[in-house]
Amino acid sequence: MPAIEIGRVCVKTYGREAGRKCVIIDIVDENFVLVTGPKNISGVRRRKVNINHIEVLDAKVPINKGASDEEIEKAINAAGLTQFMRERIKISKLPAVI
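An unreviewed UniProt entry annotates the protein as Large ribosomal subunit protein eL14 of Fervidicoccus fontis. Regarding the protein, the relevant UniProt record gives this comment under Sequence similarities (unreviewed entry): "Belongs to the eukaryotic ribosomal protein eL14 family."

Below, the structure written as structure tokens:
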């Protein structure tokens, strides 16, 4: 599994934005990170997320800590990942344990 680091692309696995890709822009502590889509690319707005609610991917975008949505959008376009970020991932639900 790739390391949780600034600029790493990940997929949200829980919540209303599940299946959408986002970029880690800051590490809050050992349990939480700050992510953004940005909203106009993948639909994920800037928010604090539990690391257990994301799945880290191999892709990485060269950004600085706390970068603005405009800077992240430019970096995504420069890396050629715009279409990749727009694609949604189907999250499979695990069966309930009885």
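That shown, we press on.
### Details of the environment of E17
Inspection of the secondary structure puts E17 in the loop between β1 (8-12) and β2 (21-27). Classification of E17 by relative accessible area gives buried; the value is 7%. Each C-alpha atom of the pair E17 and I6 lies 20 Å from the other, and the pair is 11 residues apart in sequence. Here K12 takes part through its side chain, which lies 3.0 Å from a polar atom of the side chain of E17.

Rules used in this analysis
- Residues numbered from 1 in each chain as written.
- Predicted model: local features only at pLDDT ≥ 70, side-chain atom pairs only at ≥ 80, totals over all residues.
- Heavy atoms only, no water.
- UniProt positions renumbered as here; feature names shortened; annotations may be inferred.
- Helix = DSSP H or I, 4+ residues; strand = E, 2+ residues; numbered from the N terminus.
- Buried < 20%, exposed > 50% of the residue type's maximum accessible area, 1.4 Å probe, protein only.
- Polar contact = N/O pair within 3.5 Å; in protein donor to acceptor, adjacent residues only side chain to side chain.

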